[in-house]
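# A look at the structure
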Amino acid sequence: MRQGLVSFLLFGLLLVGMACTPESKTRVIAHRGYWQTEGSAQNSIRSLERADEIGVYGAEFDVHYTADNVLVVYHDNDIQGKNIQTSNYEELKDLRLNNGETLPTLESYLKRACDLEIRLVFELKSHATPERNREAARASVEMIKRMGLEKRTDYISFNLDACKEFIRLCPDASVAYLNGELDPDALKEMGFTGLDYHYNVLREHPEWVEKCKALGLTTNVWTVNEPELIQEMADMGIDFITTDIPEEAREIVNTQTR
């Protein structure tokens, strides 16, 4: 009788432990913020706010360094016919995004982020020279630390020089590579914490997902906008999905079972 009671209690504790253990979920990152919504635009401050409002894991955004060393948030190299990296900020400051906001500086973007909770996924765009990439990375990290956001910021880039500088300057931060040609072993050796590749790369190398898990690296895929593809990536066990449809993606990954 006593042995049966002990067994019953142990079984009950096991069930409680299982119930309290959170299910591992693929998390959603809003690509260039949540911009496909009223009043928003890609890489606008409003897109950051909207991503925070819907409660996704992170907002990805793109950063350039102007000719006179001002960090601005924008995706393309050119805005209204002006090349951002070869222009002075004075030439760019009054240019407007599609929602009417002026081109945001990184400083103004981060100031707004300080009042929000969402994680920041900082993509540094490639610049003309290795040294310019490193300079832009240093200026970015300095500003993020000054704003007290270093614990909420993940870094990504297609540029290896920029990534290496992020790794050197922020040994405790998450730094992921975007370009897709490096396997998990190479990334681990270089000090990356994960990969952030186009989904076709991991379709071609599905074994990299488990390899990353074994090495303690994270996996992220971009830019995943079809519901069936979102489900496919989640079923592969991808950690993060970067998407232009964050509300729909969150619904898919939160309701899936795996």
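Reference entry: report on the structure contained in this document. (Residues numbered from 1 in each chain as written. Predicted model: local features only at pLDDT ≥ 70, side-chain atom pairs only at ≥ 80, totals over all residues. Heavy atoms only, no water.)

Two side chains bearing opposite charge may form a pair once their charged atoms approach each other closely. One pass over the full model with this rule turns up 20 salt bridges. For E53, the salt bridge is made with R46, and the minimal N-O distance between the two is 3.0 Å. A residue is classified by how much of its surface remains accessible, and E53, at 48% relative accessible area, is partly exposed. Among the salt bridges present, the one from K213 reaches D239, with a minimum N-O distance of 4.0 Å. Placement of the pair is K213 in helix α9 (residues 207–215) and D239 in the loop between α10 (227–236) and β11 (240–243), with a sequence separation of 26 residues. What makes D239 partly exposed here is its relative accessible area of 22%. One salt-bridge network, held together by shared partners, links R46, E49, R50, E53, R112 and D115. (Salt bridge = Lys/Arg side-chain N within 4 Å of Asp/Glu carboxyl O. Buried < 20%, exposed > 50% of the residue type's maximum accessible area, 1.4 Å probe, protein only. Helix = DSSP H or I, 4+ residues; strand = E, 2+ residues; numbered from the N terminus.)

Looking now at the pairing of strand β1 (residues 27–30). Sheet topology places β1 next to β11; four bridges connect them, and they run parallel. Considered in β11, the bridge of R27 is made with F240. In terms of strand pairing, β1 meets strand β2 (residues 58–65) through two bridges, oriented parallel. Residue A30 lies in a different strand from β2, and its bridge partner there is A59. (Pairing = 2+ DSSP bridges.)

Attention shifts here to the environment of D78. Note on placement: D78 falls in strand β4 (residues 78–79). Side chain to side chain, D78 and N83 meet in a polar contact 3.1 Å long. (Polar contact = N/O pair within 3.5 Å; in protein donor to acceptor, adjacent residues only side chain to side chain.)

It is worth spelling out the packing of helix α2 (residues 45–54) against helix α4 (residues 106–113) at this point. Taken N-terminus to C-terminus, the directions of α2 and α4 make an angle of 25°; their axes are 10 Å apart at the nearest point. Here α4 runs roughly parallel to α2, going by the angle between their axes. In terms of crossing hand, the pair formed by α2 and α4 is right-handed. Of the residues in α4, those touching α2 at I45, L48 and E49 are S108, Y109, R112 and A113. Taken together, the residues of the contact of α2 with α4 sort by class into four nonpolar, one polar and two charged. (Axes fitted to C-alpha atoms, helices over the stretch in contact; angles between N-to-C directions. Parallel < 35°, antiparallel > 145°, perpendicular 65-115°, else oblique. Left-handed = near helix turned anticlockwise from the far one by under 90°. Contact = heavy atoms within 4.5 Å. Nonpolar A, V, L, I, M, F, W, Y, C, P; charged D, E, K, R; others polar.)

Quick look at the packing of aromatic side chains now. Across all of its chains, the model carries nine aromatic pairs by this definition. Pairing F122 with F166 gives two aromatic rings, centres 6.1 Å apart and planes at 80°, and the pair type is edge-to-face. Residue F122 is located in strand β6 (residues 119–124), and its partner F166 is located in helix α6 (residues 160–169); the two are separated by 44 residues in the primary sequence. The rings of F61, Y109, F122, Y155 and F166 are connected pair by pair, giving a single aromatic cluster. (Phe/Tyr/Trp six-rings, centres within 6.5 Å; stacked < 30°, edge-to-face > 60°.)

Below, the discussion takes up the side chain of E165. Tracing the backbone through its elements, the reader meets E165 in helix α6. Judged by its relative accessible area of 6%, E165 falls in the buried class. Residues in contact with E165, not counting those within four places in the same chain, are R134, A137 and R138.

This next bit is on α6. Residues of α6 that are buried: A162, C163, E165, F166 and I167. Among the structural elements, β6, α5 (130–146), β7 (153–157), β8 (175–177) and α7 (184–190) are those in contact with the buried residues of α6. Structurally, the start of α6 carries an N-cap: the backbone nitrogen of D161 is 3.0 Å from a side-chain oxygen of N159.

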